[in-house]
Amino acid sequence: MKITVHSSKAVRPAYGANGVPFPAADAVPLTVFDKASFDEYISGISFFRPPAPPNNAVLEAGLARALAEYREWAGRLGTNARGSRAIILCDAGARFIEATADVALDSVMPALLQPSSAVSGLHPAADEEELLMVQVTRFACGSLAVGHTMSHAVADGQAACNFLLAWGQATRGVPIDPAPVHDRASLFLPRVPPRVEFDHRGVEFKPPHGAKAARSRSNDADDVVVVHRAHFTRELLSELRSRASSARAARPYSTTVCLVAHLWRCVTRARGLDGGAVTRLRVAVNGRARMNGAPRIPEGYTGNVVLWAWPAATARELVNRPLRHAAELVSRAVARVDGGYFRSFVDFAGSGAVEEEGLVPAADAAEKVLSPDVEVDSLLHAAFCDLDLGGGRPFLFMPGYLPNEGSVFIVRDFSGDGGVSAYVPLFSRAMERFGRCCYSVATADARL
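All of these numbers come straight from a predicted model, not from anything done at the bench.

Draft legend 1. Representation of the overall build of the protein within the structure. Scanning the protein from N- to C-terminus turns up 11 helices and 18 strands. A compact globule built from 448 residues would reach a C-alpha radius of gyration of about 22 Å, and the protein, at 22 Å, matches this within 12%. Principal-axis analysis of the C-alpha atoms gives the protein an extent of 65 × 60 × 45 Å. Split into buried and exposed, the 448 residues of the protein put 51% on the buried side. At a minimum sequence separation of 6, the contacts of the protein that also span at least 24 residues come to 81%. About 18,900 Å² of surface is accessible on the protein, with carbon and sulfur atoms providing 52% of the total. Seen as two clouds, the 48 positive and the 47 negative side-chain charges of the protein have centres 5 Å apart.

Draft legend 2. A look at the environment of D39. In this structure, D39 sits in the loop between α1 (32–36) and β3 (41–48). Not counting the four nearest positions on each side in its chain, D39 is found in contact with R85, A153 and A365. A polar side-chain atom of D39 sits 3.1 Å from a polar atom in the side chain of R85.

Draft legend 3. Structural view of the layout of surface pockets. Reported here for the second largest pocket is a volume of approximately 620 Å³. Lining the second largest pocket are 21 residues, with L30, T31, V32, K35 and A349 positioned closest to its centre. For the lining of the second largest pocket, the per-class residue count stands at 13 nonpolar, 4 polar and 4 charged. Looking at which domains feed residues into the lining of the second largest pocket, each of domain 1 (3–13 + 24–172) and domain 2 (220–440) gives three or more.

Draft legend 4. Structural context of the environment of G276. When you line up the elements, G276 lands in the loop between α6 (255–271) and β11 (278–286). Through-space distance from the C-alpha of G276 to that of T314 is 5.5 Å; in sequence the pair is 38 residues apart. Discounting chain neighbours no more than four positions away, the residues touching G276 are T314 and R316.

Draft legend 5. The arrangement of the sheet that holds strand β7 (residues 132–138) in detail. Ordered in space as β1-β6-β7-β8-β3-β16, the 6 strands form an open sheet in which the pairing is mixed. Strands with a single pairing partner mark the edges of an open sheet, and in this sheet they are β1 (3–11) and β16 (396–399). Looking at each pair of strands side by side, their axes are set apart by 15° on average, direction ignored. In this structure, β3 lies alongside β16, joined through 4 bridges in antiparallel fashion. Note on β16: the bridge partner recorded for G44 is P399. On top of the sheet, helix α4 (residues 157–172) reaches β6 (94–101), β7 and β8 (144–151); it is set at about 135° to β8, its chief contact.

Draft legend 6. Molecular detail of the confidence of the model for the protein. For the protein, the average pLDDT comes to 90, and 93% of its residues sit at 70 or higher. Scored below 50 in pLDDT, residues 213–220 makes 9 contacts in the model with residues more than four places away or belonging to other chains.

Draft legend 7. The arrangement of the environment of S378 in detail. Structurally, S378 can be placed in strand β15 (residues 374–378). Take S378: its relative accessible area is 32%, and that puts it in the partly exposed class. On a C-alpha basis, the gap between S378 and P124 in space is 22 Å, while along the polypeptide they are 254 residues apart. Non-local contacts of S378, meaning those with residues more than four positions away in its chain, are made with T256 and I410.

Draft legend 8. Inspection of the nonpolar core at higher detail. If you look at the biggest cluster of nonpolar residues, it comprises 66 residues, and the most contacted ones within it are F33, F188, F232, L263, F345, I410 and F434. At 10 residues, α6 tops the list of elements feeding residues into this core. Filtering out sequence-adjacent residues up to four positions away, I410 remains in contact with L259, V260, L263, V376, D377, S378, L379, L380, V420, S421 and A422. Membership of the second largest hydrophobic core comes to 59 residues, among which are V11, I45, A74 and L164.

Draft legend 9. Seen up close, unusual backbone geometry. Cis peptide bonds are those with omega within 30 degrees of zero, and the linkage from P50 to P51 qualifies with 0°. Within the secondary structure layout, P51 lies in the loop between β3 and α2 (56–69).

Draft legend 10. Focus on the domain arrangement of the protein. As far as domains go, the protein holds domain 1 (3–13 + 24–172) and domain 2 (220–440). Computed over C-alpha atoms only, the centres of domain 1 and domain 2 are separated by 24 Å. Facing the 54 residues of domain 1 at the interface are 47 residues of domain 2. Summing both sides of the interface, domain 1 and domain 2 together bury roughly 4,100 Å²; the carbon and sulfur share of this comes to 65%. At the junction of domain 1 with domain 2, the criterion picks out 1 salt bridge. Put simply, R288 and D156 hold a salt bridge, and the shortest N to O gap is 2.8 Å. Our enumeration of links across domain 1 and domain 2 arrives at 14 residue pairs in polar contact (both at pLDDT 80 or more). At the level of secondary structure, the elements contributing two or more residues to the side of domain 1 that touches domain 2 comprise α1, β3, α3 (105–113), β8 and α4.

Draft legend 11. How the structure looks around the pairing of β3. As judged from the 8 bridges shared by β3 and β8, these two strands associate in the antiparallel manner. Each residue of the ladder has a partner; that of Y41, found in β8, is S151.

Draft legend 12. Quick peek at the sheet that holds strand β4 (residues 76–79). Taken in spatial order, the 3 strands make up an open sheet running β2-β5-β4, and their pairing is antiparallel. Two strands bound the open sheet, and with one partner strand each, they are β2 (27–29) and β4. Direction aside, neighbouring strands of the sheet carry axes that sit 40° apart on average. As paired strands, β4 and strand β5 (residues 85–88) are joined by 4 bridges and run antiparallel to one another. Each residue of the ladder has a partner; that of G78, found in β5, is A86.

What counts and what doesn't
Residues numbered from 1 in each chain as written. Predicted model: local features only at pLDDT ≥ 70, side-chain atom pairs only at ≥ 80, totals over all residues. Heavy atoms only, no water. Helix = DSSP H or I, 4+ residues; strand = E, 2+ residues; numbered from the N terminus. Rg over C-alpha atoms; globule rule 2.2 N^0.38 Å. Buried < 20%, exposed > 50% of the residue type's maximum accessible area, 1.4 Å probe, protein only. Contact = heavy atoms within 4.5 Å. Areas by Shrake-Rupley, 256 points an atom, 1.4 Å probe, with all protein chains shown as cover. Lys, Arg positive; Asp, Glu negative; His and termini not counted. Charge placed at Lys NZ, Arg CZ, Asp CG, Glu CD. Polar contact = N/O pair within 3.5 Å; in protein donor to acceptor, adjacent residues only side chain to side chain. 1 Å grid on protein atoms, 1.4 Å probe; cavity = no way out; pocket = protein on both sides within 12 Å on 5 of 7 lines; lining within 4 Å. Points joined across faces, edges and corners; volume = space filled by probe spheres on them. Nonpolar A, V, L, I, M, F, W, Y, C, P; charged D, E, K, R; others polar. Domains from an automatic or database assignment. Pairing = 2+ DSSP bridges. Axes fitted to C-alpha atoms, helices over the stretch in contact; angles between N-to-C directions. pLDDT = per-residue confidence, 0-100. Core = buried A, V, L, I, M, F, W, Y, C linked by side-chain atoms within 4.5 Å. Buried area = accessible area lost by both parts, 1.4 Å probe. Salt bridge = Lys/Arg side-chain N within 4 Å of Asp/Glu carboxyl O.

Okay, here's the thing in structure tokens:
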């Protein structure tokens, strides 16, 4: 597949007759959640069948109108007058790339479903300055791929998805819903007096010298990171949930918890870790519904509201005990990251201790090999499948190329069977073992 880029331009907000809608300030300070998030870019690709969405000029005009409502995506990261890191509302623009592929989409779809570095040609490369980049690639058959690359410091997955849906709404000429809420200053103020009820050192923050030593890769072919797309049908998910919840008197564990626990066990087994090695699972927890006190987090909030749960176990304990044990570990850890925990984090991050002690975010984008740990991010509740740029919804959404070993993404599957797909990056030497256990229901109650 040859992809040819025909144009690349900065698209600025189109305000129209009403002028700049928000705010009077020229900068939006990053919140404690923005600063604690991964300082990296996140990418995804949506695929559309013919008749594809309107011509590129229409898509570009819709993007300009959406940027007028979400001005931060046309800005740049910098510092405000107080020296705090902020989004500078300079209207420098978002990147809009037009490209074509010389093949029919169906001819390369099997390869795209098992991602490789070739997928990176369908979404823009990260830029050190621009916060949003989109690429529209039209295939010889008339199909369209729309790739996006967005700064995680500006927004989490749900907020980024809201912007993409707004782009589609602006392109179609319908009202933007939910309406964006840009006020980051008043939502996460520390309580008076502050109540730091949990230990956030070593969880969301760490000393600057506390980072893991970077793992160097050898030239061995077995040290190449490859990505496997694991498809879990509705029937398989139902069976995993049944087995994980069989000994539970209360309501069953959620499907997501059961699948996350299953993936954690299978990745740990595939890596062949020493039995005494401790493996931790990093699970993103959305705080929008959990921070249910005043002020409430609006649905259209445009920033980050995510912290992480960290269940842990030895490799021997995790793989030798049944799935329900792993599911219990995950469920308990996620439950602990409740509204009180989120408010405690806000109080600690706003107390001055981070600056006084020189702490840095524990979310380290430079960490490319997570073993023995695993990270699983679920996009099941983000409505990427609802993106409609004028030609209907996509038939497939997938994350961009995933080069980080052990960083797993779960997305809704578009096969129509009610299943989900997990994109699992591991060293090639571990993939055969992972494939043997990830589809086997029998492994749920057996030693792996």
